[in-house]
Amino acid sequence: MRVGAIDCGTNSIRLLITEAADDAVGASPAEIELNELVRTKEMVRLGQGVDATGWLAQEALERTFAAVDGFARLLDEHAVDSVRFVATSATRDAGNRHVFVDGIRSRLGVAPEVISGEEEAALSFAGATMVAAPESEDDRTLVVDLGGGSTELVLGSSAGILASRSLNIGCVRMTERHLGSNPPTEAQQRAVLADVDRALDSAALTVPLGQTRKIVGVAGTVTTITALALGLEDYDEQRINGAELPISDLERTCRELTAMTREQRDALGVMHPGRGDVIGGGALVWRRVLQRIAEATDGRVSTATTSEHDILDGIALSRLSTIPQKAPLA
């Protein structure tokens, strides 16, 4: 069976075309082996201005529709059997999301699903843990999906999702809200960190962060920071995927990245076009999340693992299998 998965976030839109054996349908996610055929993305910044206006900008919609036209051609070329299109933070927040929904349906023949934070968490966990699957119910893994508009915290084990929370502290949202200087001032950085602290304080009421035994980070901010911490001159997915690094190394890289100008970030060989202007905000979010988890676990968690697999892989898996969204939290 050949499946197309599309993840439309605040900053980027991505396509995965994959195939699995016919007998994979109905199996548990952990038993399914995906054969990747196409993985591509476009930086469309769909969430441009949404935090301030509550509406999807016309130019952002046009960029997104142009990318989807290209995706439609790839889906046709690969004779995909089933397509699922998932839209996350920016479209949840937008008052004119019907324009987006109608435009996608007319191009692909499927309606985009503006999913709940809980389902987004389950899909992210299923994809991220392809690289570091929890081995038992006690092996509690915290997946951190740091996107453009929001960041998802998902605590799970081999039994499934234990607790999750979607926080409005993504890299685009934080940049547009606070980081007006180039590079950002110390005061602007403190404003981002204060937002992150407030969000994490709220999350800790329902997600027991102190139970974390392993951190897995996903999405473009995290993978790019990992590439820099590894000393890579060019982006290398194979070296980044599964890399486990000390939190102290990642924190140092985050500080260095935030202190750079946008032009300096854009010149880095690992930086994807369209990410350099917002990754400073993302680095502040990632740095604070790592610090807070280390504190919550009294230093027991001192490393973080990066996964190139994320919600996009989870979306593909969901066309083949039922992904449980909740497990009992003891």
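Residues numbered from 1 in each chain as written. Predicted model: local features only at pLDDT ≥ 70, side-chain atom pairs only at ≥ 80, totals over all residues. Heavy atoms only, no water.

- Looking at an unreviewed UniProt entry, one finds the protein named Exopolyphosphatase, with Kocuria palustris PEL as its source organism.

**Remarks on the overall build of the protein**
(1) Moving on: Broken down by element type, the protein carries 13 helices and eleven strands.
(2) Moving on: In terms of principal-axis extent, the alpha carbons of the protein reach across some 50 × 45 × 40 Å.
(3) Moving on: Taken over 330 residues, the protein has a buried fraction of 56%.
(4) Moving on: For the protein, restricting intrachain contacts to residue pairs at least 6 apart in sequence, the fraction spanning at least 24 positions comes to 72%.
(5) Moving on: Put simply, the protein shows about 13,200 Å² of open surface, and 45% of that area lies on carbon and sulfur atoms. (Helix = DSSP H or I, 4+ residues; strand = E, 2+ residues; numbered from the N terminus. Buried < 20%, exposed > 50% of the residue type's maximum accessible area, 1.4 Å probe, protein only. Contact = heavy atoms within 4.5 Å. Areas by Shrake-Rupley, 256 points an atom, 1.4 Å probe, with all protein chains shown as cover.)

**Let's talk about the pattern of salt bridges**
(1) Moving on: Under the counting rule described, the total for this entry stands at 17 salt bridges.
(2) Moving on: When the shortest N-O distance is used, the salt bridge between Glu119 and Arg84 registers 2.6 Å. Taken together, the residues Glu119 in helix α5 (residues 117-128) and Arg84 in strand β4 (residues 82-87) connect sequence positions 35 residues apart.
(3) Moving on: A single network of salt bridges, built from pairs that share partners, joins Asp197, Asp201, Arg288 and Arg292. (Salt bridge = Lys/Arg side-chain N within 4 Å of Asp/Glu carboxyl O.)

**Comments concerning the domain arrangement of the protein**
(1) Moving on: Along its sequence, the protein is carved into domain 1 (2-116) and domain 2 (131-308).
(2) Moving on: For domain 1 versus domain 2, the distance between C-alpha centres works out to 23 Å.
(3) Moving on: With 14 residues of domain 1 at the contact, the number on the domain 2 side is 16 residues.
(4) Moving on: With both sides pooled, the region where domain 1 packs onto domain 2 buries about 1,100 Å², and carbon together with sulfur makes up 39% of that total.
(5) Moving on: For the domain 1 face of the interface with domain 2, the top three residues by lost area are Met43, Arg45 and Asp51, together amounting to 43%. (Domains from an automatic or database assignment. Buried area = accessible area lost by both parts, 1.4 Å probe.)

**Considerations on the side chain of Thr151**
(1) Moving on: Counting through the fold element by element, Thr151 comes out in strand β7 (residues 151-157).
(2) Moving on: Owing to a relative accessible area of 0%, Thr151 belongs among the buried residues under this scheme.
(3) Moving on: Those residues within four positions of Thr151 in sequence are excluded, and the remaining contacts are Val144, Asp145, Leu146, Arg165, Ser166, Leu167, Ile169, Gly170 and Val285.

**Remarks on the packing of helix α6 (residues 171-178) against helix α7 (residues 186-203)**
(1) Moving on: At a closest axis distance of 10 Å, the pairing of α6 and α7 adopts a crossing angle of 135 degrees. The pairing of α6 with α7 is recorded here as oblique in orientation. Viewed along their axes, α6 and α7 form a crossing whose handedness is right-handed. Within the contact between the two elements, α6 uses Met174, Arg177 and His178 and α7 uses Gln188, Ala191, Val192 and Asp195.
(2) Moving on: Grouping the amino acids of the contact of α6 with α7 by side-chain chemistry returns three nonpolar, two polar and two charged. (Axes fitted to C-alpha atoms, helices over the stretch in contact; angles between N-to-C directions. Parallel < 35°, antiparallel > 145°, perpendicular 65-115°, else oblique. Left-handed = near helix turned anticlockwise from the far one by under 90°. Nonpolar A, V, L, I, M, F, W, Y, C, P; charged D, E, K, R; others polar.)

**Overview of the environment of Arg73**
(1) Moving on: Position of Arg73 among the secondary structure elements: in helix α2 (residues 58-77).
(2) Moving on: On the accessibility criterion, Arg73 (52% relative accessible area) is exposed.
(3) Moving on: Remark: the alpha-carbon pair of Arg73 and Glu42, spanning 31 residues in sequence, is separated by 15 Å.

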